[in-house]
Amino acid sequence: MQPDLCPPQQQLRTLKVALESQAPAQRPGYASSIATTSLGPPVLKHWCVWLQPADASPPNRWDQRWLKAVSSALTTWGALVPLTRVDSPEQANVMIWRQQPARRQVAGVWRASNGRTQLQVVDVQRQSRRRLEPQVKVMVSPGLRAEALQATALHELGHAFGLWGHSSVPTDVLAISQGESPVLVPSERDRLTLAWVMQQTTRFGSTIRPSIEPAESALPE
Ligand SMILES: [Zn+2]
């Protein structure tokens, strides 16, 4: 029998673990600018991904276009990271919402963005087993043209799968600012950086036993 790769969560506790920059060193691609956590990089050997479904059935053309672009970005990353699409958010580590992120202030200026990705570190119980997982909320705005939508989804999903930083090279998916034409395929540098991140030692994905329980306290509600 096929083991259930994405069982639903039974209990979840948010831990006070944040992203932090790494000590400078020579690393492949733009791995030096990728943030990590005190528990290691927030990555899993297998990901469960949920996409917000369309509002109506059959979906209207805007929802359809969003789903197509985001699915396509997901398929692209799926060649580099093992993942399964799931039907409910309770099964997921990565949740992708059709939503315009709230504006935020950067260096004193209010800015709108097309996408945003947020990380929480959780102690989650699934099938009576507790483990440490990244829980990632991805927002991809629906109000974009198709190519920009796909490029935005690809960039945000890069963060979700462990690339918590930016590249200064415009032809990389994780470029801080995109060039003239949207990047729709991970570059060699994107691949090298992700491969490096995935090779690092991490506590994510490992079973939590009382003796190795993280000392961090749960966040207040
Ligand atoms: Zn970004």
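Up top is the structure these notes are about.
Remember, it's a predicted structure, so these values are computed and weren't measured experimentally.

What counts and how
Residues numbered from 1 in each chain as written. Predicted model: local features only at pLDDT ≥ 70, side-chain atom pairs only at ≥ 80, totals over all residues. Heavy atoms only, no water. Helix = DSSP H or I, 4+ residues; strand = E, 2+ residues; numbered from the N terminus. Buried < 20%, exposed > 50% of the residue type's maximum accessible area, 1.4 Å probe, protein only. Polar contact = N/O pair within 3.5 Å; in protein donor to acceptor, adjacent residues only side chain to side chain. Contact = heavy atoms within 4.5 Å. Salt bridge = Lys/Arg side-chain N within 4 Å of Asp/Glu carboxyl O. Core = buried A, V, L, I, M, F, W, Y, C linked by side-chain atoms within 4.5 Å. Pairing = 2+ DSSP bridges. Right-handed = clockwise from strand over helix to strand, strands pointing away.

Draft legend 1. How the structure looks around the side chain of Asp172. Looking at where Asp172 falls in the secondary structure, it is placed in the loop between helix H2 (146-160) and helix H3 (188-199). Here Asp172 falls in the buried class, since its relative accessible area comes to 1%. Engagement of the side chain of Asp172 in a polar contact is seen with the side chain of Ser167, the distance being 2.6 Å. Excluding its chain neighbours within four sequence positions, the residues that come into contact with Asp172 are Tyr30, Ser167, Gln178, Val183, Ser187, Arg189 and Asp190.

Draft legend 2. Quick look at unusual backbone geometry. In this structure, Pro58 follows Ser57 across a cis peptide bond, with omega equal to 0°. Secondary-structure assignment places Pro58 in the loop between strand S2 (47-51) and helix H1 (61-78). Despite not being glycine, Ser128 shows a phi value in the positive range, around 65°. According to the relative accessible area criterion, Ser128 is exposed, its value standing at 63%.

Draft legend 3. Here's a closer look at the pattern of salt bridges. Enumeration over the complete set of coordinates arrives at seven salt bridges. A salt bridge links Arg13 to Asp123, with the shortest nitrogen-to-oxygen separation between them at 3.3 Å. With Arg13 in strand S1 (residues 9-15) and Asp123 in strand S7 (residues 115-126), this pair connects stretches of sequence that are 110 residues apart. The exposure class of Arg13 is partly exposed, given its relative accessible area of 26%. Given a relative accessible area of 4%, Asp123 falls into the buried group. Asp63 is the partner of Arg98 in a salt bridge, and the nearest nitrogen-oxygen pair spans 3.3 Å.

Draft legend 4. Structural view of the nonpolar core. The biggest cluster of nonpolar side chains holds 45 residues, and the ones touching the most others in it are Trp77, Val94, Ile96, Leu157 and Phe161. Going through the elements one at a time, S2, H1, strand S4 (94-98), strand S8 (129-140), H2 and H3 are the ones with two or more residues in this core. The leading source of residues in this core is H1, at seven residues. Residues contacting Ile96, with those up to four places away along its chain left out, are Val49, Trp50, Leu51, Gln52, Trp66, Val70, Val138, Val140 and Leu157. Counting residues in each nonpolar core, the second largest holds six residues, with Cys48, Val86, Ala92 and Met95 among its members.

Draft legend 5. The arrangement of the environment of Val49 in detail. Following the sequence through the fold, Val49 ends up in strand S2. On the basis of relative accessible area, Val49 is assigned to the buried category, the value being 0%. Along the primary structure Val49 and Leu74 are separated by 25 residues, whereas in three dimensions their C-alpha atoms are 8.9 Å apart. Those residues within four positions of Val49 in sequence are excluded, and the remaining contacts are Leu74, Leu83, Thr84, Arg85, Val86, Ala92, Val94, Ile96 and Phe161.

Draft legend 6. Structural view of the environment of Ala31. Residue position: Ala31 is located in the loop between S1 and S2. Considered as a pair, Ala31 and Ala151 are 120 residues apart in the sequence and their alpha carbons are 21 Å apart. In this structure, Ala31 is in contact with Gln22, Thr193 and Trp196, ignoring residues within four places of it in sequence.

Draft legend 7. Examining the pairing of S2 more closely. The buried fraction of S2 amounts to five of the five residues, a majority that puts the element mostly inside the structure. Pairing of S2 with strand S3 (residues 83-86), which is carried by four bridges, proceeds in the parallel orientation. Looking at the pairing, Trp50 lines up with Val86 of S3. Remark: the S2/H1/S3 crossover connection has right-handed handedness. Pairing of S2 with S4 involves three bridges; the strand directions are parallel. Within the sheet, the bridge partner assigned to Trp50 lies in S4 and is Met95.

These figures come from the coordinates and say nothing about function on their own.
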